[in-house]
Amino acid sequence: MDRRLARWWGGYVRVRLKGLDRERFLNLCRSRGIELWDLRVTGEDCEGFMTVSGFFSSREPQKKSGIRLSVRKRFGLPFFLRRNRKRKAFFAGLFVCFLLLFGLSLFVWDIQVEGNRRYTADTLIRYLDQMDIRCGMRKSRVDCDRLEDCLRSDFPEITWVSARVSGTRLLIQLKENEAVLEVPVPDTAPRDLVADRDGVITDMIVRSGTPQVSVGETVTAGQVLISGIVPVTDDGGEVVAEHLVRADGDITVRREETYKREYSGLKTEEVLTGRTRFGMFLRAGNISLRLYSPPSGTGSWRTSSEERQLSLTENFFLPVWWGWIRGEEYVSYERPYTDEEKEAAREQTAAEFAENLERKGVQIERNDARIVENGSGFQIEGSAVLKEPVGAGRSIVRSEIPAVEENDRTE
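Residues numbered from 1 in each chain as written. Predicted model: local features only at pLDDT ≥ 70, side-chain atom pairs only at ≥ 80, totals over all residues. Heavy atoms only, no water.

- The name given to the protein chain in an unreviewed UniProt entry is Sporulation protein YqfD, with Candidatus Lachnoclostridium pullistercoris as the source organism.

### Observations regarding the packing of aromatic side chains
Point 1. In the structure shown here, the tally under the stated rule is 13 aromatic pairs.
Point 2. Aromatic pair tyrosine 12 and tryptophan 37: ring centres 5.8 Å apart, planes at 50°, arrangement tilted. Of this pair, tyrosine 12 sits in strand β1 (residues 12–18) while tryptophan 37 is found in strand β2 (residues 36–42), placing the two residues 25 residues apart along the sequence.
Point 3. Overall, tryptophan 37 belongs to the buried group, its relative accessible area being 14%. (Phe/Tyr/Trp six-rings, centres within 6.5 Å; stacked < 30°, edge-to-face > 60°. Helix = DSSP H or I, 4+ residues; strand = E, 2+ residues; numbered from the N terminus. Buried < 20%, exposed > 50% of the residue type's maximum accessible area, 1.4 Å probe, protein only.)

### Considering the pairing of β1
Remark: a regular strand shows side chains that alternate across the two faces of the sheet.
Point 1. Taken across its 7 residues, β1 has 5 buried, putting it largely inside the fold.
Point 2. Summarising the sheet, β1 and strand β3 (residues 45–51) pair through 6 bridges and their orientation is antiparallel. Note on β3: the bridge partner recorded for tyrosine 12 is threonine 51. (Pairing = 2+ DSSP bridges.)

### A short note on the sheet that holds β1
Point 1. Sheet architecture is open: 4 strands sit in the order β2-β3-β1-β4, paired in antiparallel fashion. Of all the strands in the sheet, the pair left with one neighbour each is β2 and β4 (68–75). Strand-to-strand twist in this sheet, taken as the mean axis angle between neighbours without regard to direction, amounts to 25°. (Axes fitted to C-alpha atoms, helices over the stretch in contact; angles between N-to-C directions.)

### A closer look at the pairing of β3
Point 1. Most of β3 sits out of view: 7 of its 7 residues are buried.
Point 2. The alternating pattern of β3 places Asp45, Glu47, Phe49 and Thr51 and Cys46, Gly48 and Met50 on opposite faces, both of which are buried.
Point 3. One ladder, built from 5 bridges, connects β2 with β3; its direction is antiparallel. Paired with valine 41 across the strands is cysteine 46, a residue of β3.
Point 4. Taken together, β2 and the strand that follows it, β3, pair antiparallel across an intervening segment of 2 residues, in which glycine 43 is found at a positive phi of about 70°.

### Some remarks on the pattern of salt bridges
Point 1. Tallied over the full model, the rule gives 32 salt bridges.
Point 2. When the shortest N-O distance is used, the salt bridge between glutamate 257 and arginine 255 registers 2.8 Å.
Point 3. When the shortest N-O distance is used, the salt bridge between lysine 267 and glutamate 341 registers 3.4 Å. Here the residue lysine 267 occupies a position in strand β16 (residues 266–284), and glutamate 341 occupies one in helix α9 (residues 339–359), the gap between them amounting to 74 residues.
Point 4. Judged by relative accessible area, lysine 267 falls into the partly exposed class, the value being 26%.
Point 5. Glutamate 341 gets classed as buried once you look at its relative accessible area, which sits at 18%. (Salt bridge = Lys/Arg side-chain N within 4 Å of Asp/Glu carboxyl O.)

Okay, here's the thing in structure tokens:
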């Protein structure tokens, strides 16, 4: 691509080689670095392309080989300017175009973030907007060093940042720390472990504290399961003090939960008619042009589009966006649910309910769902038997017996 652009910039010609010793002429041109390409035999002669500078440098090889060159056609910028030298309006418009491109090159029109995993691109773009760094600002106002320092200080997980302006793009490359920056400090404050839901205890393991319930017992929300008060007795078995600990244990309860989902009596269907329509849109800043108008008819149209930003090079973006619009016609109507669709809705409702609970670590022993018809439609009613961990920390309610903290306890 660069070679073709250089040829067009300097100009090139299509020439015809007349003479018998063409092979010697080509060898002489090659030894002198004179470029010829796309050589083709046309009858008794041969045609090819040469740059303007190569054409004038080939006079000596022409004399030595007896070859005469004739120009068939001229290409490139010098000949284009010569042919259009009287078109003043064209060159004035060309000058204004280059002047406009130069003015646009002084601003940032695209921001790209690379290497982010923990923080999304939208989060970082909003942060840059708070720093008054956004598309449309002058490149001279972008302080890359300050931006790097702010990102490292405000986002502790980012360990390395590189910000640079290339063309009209602000490119931010960063690296995040994958290791844990701080080791969490465990909470050792005394507490009770209480039930956060109703149920029947099926399993119970106590690691610290005094158990207040046993397996098979029914508990209610707010009831103490493991007390953080450990009584201290004397030789006669009388409680003389209380030792406060952080109650801890694994307790599982079995409980029943019901769920329900309503469905209307009619299902809306959308059927494509097969008619499609294409259009395009162009947006420059806040001005947009939409070349799309679906034809009138009985059906409705849904559209999808893909937006792209105009760029001259990899890093030279312009504040112009364009894209294609695709429209599809569809007809919607309502019909009653079939028995198969009702059964599929029942299975889907039960599966979604089970998936949400399994994501939380809840075991499902039984999950039944049934279809109940009503006047306006139908509903899915289900009940499930669940086994799940129970227990939440709560501050200890002290009694009148003196409490002994673990640090103050003497052996």
